[in-house]
Amino acid sequence: MTDFLRWLIAVLTRPTSGLFGELDLRDGDRDPSPGATARYAGQDRPGLLGTTHVHDLNQALRTLGFLLAPPGGEFTRETRWALQEFQRYATLPASAVERFPHLPRWSDRLAALPIAVHERYRGRATGVLNAWTRFTLRHWLDNRRRCPVVVEARTGGTVVADNVWRPDEVPDNTPRFHVIDLSGAWTTAEPDVAGDYTPAVRGGARSVPPIHTWQPLGEVLPEHLLPGSPAIGDLTVPQLSTFKVVRAVADVECYGYFDSLNAYDNGYLSLGLCHWTAGLRGNPETAVDKAELWPYLSLLRSRDRDAFDEAVGRFGLDVVPWESVEFNANQRKYVGRALVVQEKGGPQPLPATRDEYDVFRGWHWFHRFQMACRTVDGFRRGMWTMSRIRLRDILSIPWDGHRVGDVVTSERGVALLLRWHVNRPADVCTGGQAGPGLAIARTAAGLTGDPAGWGDTEELALITELVKAAPASLTPSMEYVEAWPEKMPKTRGYTLPADGLRLSAARGSFALDTDGL
């Protein structure tokens, strides 16, 4: 019987695999063991003795290359993660096939093999072993298909670890991590380097220029960020003024590169011009507070659904509609949580625990988000809108009968506000009013009365005090932004021409590009 005929019969009747007792295995299931009855498909089954369905599933996933799956007979969180990864990769245009099993290096054993439409997994990436997952998994096993993405750590030309999944699996900052991607999911024409490991904070992946980023395709340039791909010399006055402010802050947040990501600290995963985080450490520290990456994805979903689906939607992530995003008016920022698809019903919030959000710190999610930043045009251009929304909201904060945008009006001053707000929003806005940091700066500058009567001297005094008023941990980055672009490191491989881009300190020099907001 041909594969196509098997698939057609499965569609017309019900897919069967002959595996795992045809049971919908899921979180909490287990094989029978001394002192514990079998639990399959979410139900205790004391009549089943000697069965090994969960053990067999874990082993099958590991055989296919999904090494998140643990050995043994318990369906753990890691089993679910591995099964979700299988479900994601089984929907893509190609898998790997193990052509050369005698070779010692895992990636050398593999070759790309297209997945015909009728061979692809037809369900959602829920982590439940439903009928279509069993059917597809059986097909992969029978045909020696394997996970099409391999992450390996290399020192020089030597592979020190292959088929890496977990963020701390190779806790060594010497190797570089490379990705062999045979899935056909992304348009790639650049080196496969993804990043390295850093022991900082919690330890995990990061990508920094120039060794881990694409030049110049990954650089934050008007051609890659603004609608219409204008060159720097073709920007309108508001576009240029806004771009300068955004790029100055991007230099300290993402080193000026879209594909410079961070998965090693308490933000779980952060990316983008303001390095929006996937979560924030809560109280207790094992809890996860709402964060800013998901609102960005909500905005993207509402304005460019194709880009959203290409970047993350096809991998089982979802977000609330932009109209439903929570706006924290006290701090002038948008916050939210990841939604994940379910076996039945609509997407639900990912449980707000550190153990669950740690999934985004793994190398495969790091690779997906990095490739979205590198290759999905709409994913990058949406950041222009999100950054301008933030600037608009900062400038509208009430301040002693005026707005922040009435008090701070220069490009240099606005750039400092943006940098400060990204890192410490409560310093800039507390209770919906100008925050204590701004009050300290204004008082230290000796500025009173109606800001409408101030000139360049007052603006420069305020700029000086904004830098001083920020917490000491922010001083280096505030000084960098204040001097931008004079301190741009030549070692980062920037192609942005710095001549003529100095942030103006003149009163009234900032013009926000509001087109499309």
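This one's a predicted model, so the numbers in the text were calculated from it and none came from an experiment.

1. Things to note about the overall build of the protein chain
Item 1. Looking only at helices and strands, one finds 17 helices and 24 strands in the protein chain.
Item 2. Against the globule reference of 24 Å for 517 residues, the protein chain gives a C-alpha radius of gyration of 26 Å, in line with a compact fold.
Item 3. Considered along the principal axes of its C-alpha atoms, the protein chain spans approximately 85 × 45 × 45 Å.
Item 4. Burial analysis of the protein chain (517 residues in total) assigns 55% to the buried set.
Item 5. Taking as baseline every contact in the protein chain between residues at least 6 positions apart, the subset at least 24 positions apart corresponds to 64%.
Item 6. Carbon together with sulfur atoms contributes 51% to the accessible area of the protein chain, which is approximately 20500 Å² in total.

2. Things to note about the packing of aromatic side chains
Item 1. A complete count under the given rule lists 20 aromatic pairs for this structure.
Item 2. Taking 5.8 Å as the distance between ring centres and 25° as the angle between the ring planes, the aromatic pair formed by Tyr257 and Tyr494 counts as stacked. Of this pair, Tyr257 sits in the loop between helix H6 (237-253) and strand E11 (262-263) while Tyr494 sits in the segment after helix H17 (475-483), and the two are 237 residues apart along the sequence.
Item 3. Residue class for Tyr494 comes out buried when judged on its relative accessible area of 16%.
Item 4. Judged by centre distance (5.6 Å) and plane angle (65°), the rings of Phe360 and Trp365 are edge-to-face. Comparing Phe360 with Trp365 shows no difference in burial state: the two are buried.
Item 5. Geometry around Trp132 places Arg122 over its ring, the cationic atom sitting 5.2 Å from the centre.

3. Things to note about the pattern of salt bridges
Proximity of charged atoms lets side chains of opposite charge pair with each other.
Item 1. Summed over the entire model, instances satisfying the criterion amount to 40 salt bridges.
Item 2. Arg154 is paired through a salt bridge with Glu152; the nearest N and O atoms lie 2.9 Å apart. Glu152 shares its class with Arg154; the two are buried.
Item 3. With its nearest N and O atoms 3.3 Å apart, the salt bridge here joins Arg502 to Glu486. Of the two residues, Arg502 is situated in the segment after H17 and Glu486 in the segment after H17; the sequence distance between them amounts to 16 residues.
Item 4. By relative accessible area, Glu486 is classed as exposed at 62%.
Item 5. Among the ionic contacts, a cluster of salt bridges with common partners joins Asp27, Arg77, Arg80, Asp355 and Glu356.

4. A word on the sheet that holds strand E20 (residues 348-349)
Neighbouring strands of a sheet are bound in pairs by backbone hydrogen bonds; such pairs are parallel or else antiparallel.
Item 1. Across the sheet, 3 strands lie side by side as E16-E19-E20; this open sheet has antiparallel pairing. At either end of the open sheet lies a strand with only one pairing partner, and these are strand E16 (317-318) and E20.
Item 2. Sheet topology places strand E19 (residues 339-340) next to E20; 2 bridges connect them, and they run antiparallel. Paired with Leu339 across the strands is Pro349, a residue of E20.

5. Looking at the side chain of Asn262
Item 1. Take Asn262: it is sitting in strand E11.
Item 2. In contact with Asn262, other than residues within four places in its own chain, are Ala205, Tyr268, Leu269, Ser270, His275 and Phe366.

6. Thoughts on the side chain of Arg146
Item 1. Note on placement: Arg146 falls in strand E5 (residues 145-146).
Item 2. Given the relative accessible area of 5%, Arg146 is considered buried.
Item 3. A polar contact is formed between the side chain of Arg146 and the backbone oxygen of Thr63, at a distance of 3.2 Å.

7. A word on the nonpolar core
Item 1. With 145 residues, the main nonpolar core has Phe66, Trp294, Leu297, Phe360, Phe369, Phe379 and Met383 as its most contacted residues.
Item 2. Dropping the residues within four chain positions of it, Met383 is found in contact with Leu225, Phe258, Leu271, Gly272, Leu273, Trp276, Tyr296 and Cys373.
Item 3. If you look at the next biggest cluster of nonpolar residues, it comprises 5 residues, including Ala96, Leu110, Val150 and Ile180.

8. Quick notes on helix H7 (residues 293-303)
Item 1. For H7, a buried count of 8 out of 11 residues is recorded, marking the element as mostly surrounded by other parts of the structure.
Item 2. Among all positions in H7, only Leu293, Trp294, Pro295, Tyr296, Leu297, Ser298, Leu299 and Leu300 are buried.

9. Quick look at helix H13 (residues 411-423)
Side chains of residues three or four places apart in an α-helix project in the same direction, reflecting 3.6 residues per turn.
Item 1. End to end, H13 covers 19 Å across 13 residues, agreeing with the expected 18 Å (1.5 Å per residue, within 8%).
Item 2. The buried fraction of H13 amounts to 12 of the 13 residues, a majority that puts the element mostly inside the structure.
Item 3. Among the residues making up H13, those that are buried are Glu411, Arg412, Gly413, Val414, Ala415, Leu416, Leu417, Leu418, Arg419, Trp420, His421 and Val422.

10. Points about the pairing of strand E6 (residues 149-155)
Item 1. Of all 7 residues that make up E6, 6 are buried, and the element is covered over most of its length.
Item 2. With 6 bridges joining them, E6 and strand E8 (residues 176-181) adopt antiparallel strand pairing. Paired with Val149 across the bridge in E8 is Asp181.
Item 3. In this sheet, strand E7 (residues 158-161) lies alongside E6 in antiparallel orientation, the contact comprising 3 bridges. Looking at E7, one finds that Arg154 is bridged to Val159.
Item 4. Here E6 folds back onto E7, and the loop between the two strands holds 2 residues, one of which, Gly156, carries a positive phi near 65°.

11. Some points on the sheet that holds strand E4 (residues 110-114)
Item 1. Spatial ordering of the open sheet is given by E4-E3-E5, a layout of 3 strands whose pairing is antiparallel. Only two strands of the sheet have a single partner each, and these edge strands are E4 and E5.
Item 2. Both strand E3 (residues 94-98) and E5 contribute to a ladder of 2 bridges, which runs antiparallel. Each bridged residue has a counterpart across the sheet, and for Val97 the counterpart in E5 is Arg145.

12. Considering the pairing of E8
Item 1. For E8 and strand E9 (residues 193-198), the ladder comprises 3 bridges, and the chain directions are antiparallel. Bridge pairing in E9 links Phe177 to Gly195.

13. Quick notes on the packing of H13 against helix H16 (residues 456-469)
Item 1. In contact at an axis separation of 9 Å, H13 and H16 are set at 15° when each is read in the N-to-C sense. In terms of their interaxial angle, H13 and H16 are classed as roughly parallel. In the packing of H13 onto H16, the handedness of the crossing is left-handed. In contact with Arg412, Gly413, Leu416, Leu417 and Trp420 of H13, H16 contributes Ile463, Leu466, Val467 and Ala469.
Item 2. For the contact of H13 with H16, the class distribution of residues is 7 nonpolar, 1 polar and 1 charged.

What counts, and where the lines are drawn
For every chain, the first residue of the written sequence is number 1, and numbering continues from 1 along that sequence. Under the rules for a predicted model, residues below a pLDDT of 70 receive no local features and side-chain atom pairs below 80 are neither given nor counted, while totals for whole chains, interfaces and linings still include all residues. To obtain the side-chain values, all non-hydrogen atoms of the structure were used and water was disregarded. Secondary structure follows DSSP: runs of H or I at least 4 residues long count as helices, runs of E at least 2 residues long count as strands, and numbering of each begins at the N terminus. Put simply, the radius of gyration uses C-alpha atoms, and a globule should come to 2.2 Å times the residue count raised to 0.38. Exposure categories follow from relative accessible area, calculated using a 1.4 Å probe and restricted to protein chains: below 20% of the type maximum is buried, above 50% is exposed, and the middle band is partly exposed. In this description, contact between two residues means that some pair of their heavy atoms is separated by no more than 4.5 Å. Computed with a 1.4 Å probe, the accessible areas rest on the Shrake-Rupley method; for each residue, only the protein chains presented here act as cover. Pairing of aromatic rings covers Phe, Tyr and Trp, the last counted by its six-membered ring, and requires centre-to-centre distances within 6.5 Å; plane angles under 30 degrees mean stacked, over 60 mean edge-to-face, and any other angle means tilted. Charges are assigned to positions over rings by a cutoff of 6 Å between ring centre and Lys NZ or Arg CZ, combined with an angular limit of 35 degrees from the ring normal. Any Lys or Arg side-chain nitrogen found within 4 Å of a carboxyl oxygen on Asp or Glu counts as a salt bridge. One bridge is not enough; two strands pair if DSSP finds at least two bridges between them. The definition of a polar contact used here is a pair of N or O atoms within 3.5 Å, where within protein one atom must be able to donate a hydrogen and the other to accept one, and adjacent residues in sequence count solely through side-chain atom pairs. The definition of a nonpolar core used throughout is a set of buried Ala, Val, Leu, Ile, Met, Phe, Trp, Tyr and Cys residues joined through side-chain atoms within 4.5 Å. The span you would expect from a helix comes to 1.5 Å times its residue count less one. Note on geometry: axes are C-alpha line fits, over the in-contact stretch for helices, and angles between N-to-C directions span 0 to 180 degrees. Comment on the angle field: the value is read as roughly parallel under 35 degrees, roughly antiparallel over 145, roughly perpendicular from 65 to 115, and oblique elsewhere. Should the near helix be turned anticlockwise from the far one by less than a right angle, the crossing is termed left-handed; should it be turned clockwise, right-handed. Under the convention adopted here, Pro, Cys and the residues Ala, Val, Leu, Ile, Met, Phe, Trp and Tyr are nonpolar, Asp, Glu, Lys and Arg are charged, and Gly plus all remaining residues are polar.

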